[in-house]
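Chain residues, written in single-letter form:
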Amino acid sequence: MSWQAFIQSQLSLRKRDFAWRKRTCIDFSTGRELHVSGEKYLNFSGNDYLGLSHHPKVVEAWQQGAALYGVGSGGSGHVTGFTQAHYDLENNLSEWLDYPRALLFISGFAANQAVITALMGQGDRILADKLSHASILEASMLSSANLRRFTHNSSLALQKLFTNPSEGKTLVVTEGVFSMDGDSAPLDDLHKLAQENHAWLMVDDAHGIGVKGREGRGSCDVYGVKPELLIVTFGKAFGLSGAAVLCDEQTADYFIQAARHLIYSTSMPPAQAVALSAALKQVRQADAARAQLNQNIAYFRKNIQLNEMRLAPSETAIQPLIVGDNDKSLQLAAFLRQNRLWGQAIRPPTVPPGSARLRITLSAAHDQQDIDRLLEVIHGFATK
């Protein structure tokens, strides 16, 4: 098969299965609203859970950082890309989350890949939740370690995997809040099993950090556990982008020597690190916003009318409305946009076959009228 024939066949398959992906150019966003091609939409697809992406103090901090440091870092953190701004942010994060060290990465995807590929090798074993993020599963497959996936959120399934001995190191990997289902991992049970079997636990808490726990310390704080490796990202509740790995001193030193994503990637702009330190201050003070978000979640779940659709059992900002059929999920997303609401259809392979959905995300920036409008439109689609 020629290159052209291969690419054409793959594109044709995706169109046939209603799995075609396309990007939309956004004019600008206020977090709560999107402006697209001159039209305004209420946004129910973003991850800006606390509405911090446009917070005046965060925006001002980025501007001040750019005035001081410029707009780029100029190199890897191992060359010239590690500044006082990065150092301060790492220290602020480690103090907040009570870990000896924090290391910054340009994205959560990069952090997950760096940790797994640096730590895991031939003869080692990765035990990952079946619904773990693509970055986790891809990194596991790229490493030479043996990857086994346990039934989603099942400590019994994980325990069964531990009955098979392994000569190498074992890393248990899960998410705090799962990005497509919005449910939470049983971190206390998973951590206990890992400890009993001399394994390490890695938790990617991208969707829990900032919105759960004391001062937004995340899913691990809720369960009272401290995994050996905690990944936090800044593209959700923090309203920006980037990520950090929290760990002990020696492990951090090892990553600085061996994590290729740290060594060979340009670091985040120092101005971004300044803005993230400002965002962290807002996150820690955001109890009122977290309460508003939880109120919005409860109101939405109490009042939605589903008909043939199904709402996943999530108590988080991620509220998956399961449609099942790929084409119908696209029709629902299009119906929302006709009514000036922005909702994203999520289809396989991102989610399992037969579970296409509208991934609704709620924010503290939404008010009750916003949610009433969303409920009204969903009901209109379900009964048409």
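What counts and how
- Residues numbered from 1 in each chain as written.
- Predicted model: local features only at pLDDT ≥ 70, side-chain atom pairs only at ≥ 80, totals over all residues.
- Heavy atoms only, no water.
- UniProt positions renumbered as here; feature names shortened; annotations may be inferred.
- Buried < 20%, exposed > 50% of the residue type's maximum accessible area, 1.4 Å probe, protein only.
- Contact = heavy atoms within 4.5 Å.
- Helix = DSSP H or I, 4+ residues; strand = E, 2+ residues; numbered from the N terminus.
- Polar contact = N/O pair within 3.5 Å; in protein donor to acceptor, adjacent residues only side chain to side chain.
- Pairing = 2+ DSSP bridges.
- Expected span 1.5 Å × (residues − 1).
- Axes fitted to C-alpha atoms, helices over the stretch in contact; angles between N-to-C directions.
- Parallel < 35°, antiparallel > 145°, perpendicular 65-115°, else oblique.
- Nonpolar A, V, L, I, M, F, W, Y, C, P; charged D, E, K, R; others polar.
- Arc of directions from axis to C-beta.

### Remarks on the UniProt feature "binding site: substrate" (unreviewed entry) in the chain
So, step 1. According to UniProt, the positions carrying the feature "binding site: substrate" (unreviewed entry) are Arg-21, His-133 and Thr-350.
So, step 2. Among the residues examined, Arg-21 registers a relative accessible area of 52% and is labelled exposed.
So, step 3. Excluding residues within four positions of it along the chain, Arg-21 makes contact with Arg-347, Pro-349 and Thr-350.
So, step 4. Mapping His-133 onto the fold places it in the loop between β5 (125-129) and α5 (134-142).
So, step 5. What His-133 contacts, discounting residues up to four positions off in sequence, is Phe-109, Glu-175 and Ser-179.
So, step 6. Of the polar contacts made by the side chain of His-133, one reaches the side chain of Ser-135; its length is 2.8 Å.

### Structural notes on the sheet that holds strand β1 (residues 28-29)
To summarise the sheet geometry, strands pair through backbone hydrogen bonds and adopt either a parallel or an antiparallel arrangement.
So, step 1. Sheet architecture is open: four strands sit in the order β1-β2-β3-β13, paired in mixed fashion. Of all the strands in the sheet, just β1 and β13 (341-342) have a single pairing partner and so form its edges.

### Structural notes on helix α13 (residues 326-338)
So, step 1. For α13, built from 13 residues, the straight-helix expectation of 18 Å at 1.5 Å per residue is met to within 8% by its first-to-last C-alpha distance of 19 Å.
So, step 2. Of all the residues in α13, the buried ones are Asn-326, Ser-329, Leu-332, Ala-333, Phe-335 and Leu-336.
So, step 3. Where α13 is buried, its residues meet β12 (318-324), β13, β14 (344-346), β15 (356-361) and α14 (368-383).
So, step 4. Where α13 begins, one side-chain oxygen reaches toward the backbone nitrogen of Asp-327, 3.1 Å away; that side chain belongs to Asp-325.
So, step 5. At the C-terminal side of α13, Arg-340 shows a positive phi close to 65°.

### Observations regarding the packing of helix α4 (residues 108-119) against helix α9 (residues 249-258)
So, step 1. Closest axis-to-axis distance for the α4/α9 pair is 10 Å, and the angle between their directions is 95°. Considered as vectors, α4 and α9 are oriented roughly perpendicular to each other. Seen from α4, the contacting residues are Val-115, Ala-118 and Leu-119; seen from α9, they are Tyr-254, Phe-255 and Ala-258.
So, step 2. Counted by class, the contact of α4 with α9 contains six nonpolar, no polar and no charged residues.

### Observations concerning helix α2 (residues 56-69)
For the α-helix, the turn length of 3.6 residues means that residues three or four positions removed from each other point alike.
So, step 1. Taking 1.5 Å as the rise per residue, α2 with 14 residues should run 20 Å; its terminal C-alpha atoms sit 20 Å apart, in good agreement.
So, step 2. Every buried residue of α2 is listed here: Val-58, Ala-61 and Gly-65. The buried side chains of α2 occupy one side of the element, clustering within an arc of 55° when seen end-on. With respect to the buried face of α2, the exposed residues turned more than 90 degrees away are Pro-56, Gln-63 and Ala-67.
So, step 3. Among the structural elements, α11 (270-284) are those in contact with the buried residues of α2.
So, step 4. Backbone geometry just after α2 places Gly-70 at a positive phi near 85°.

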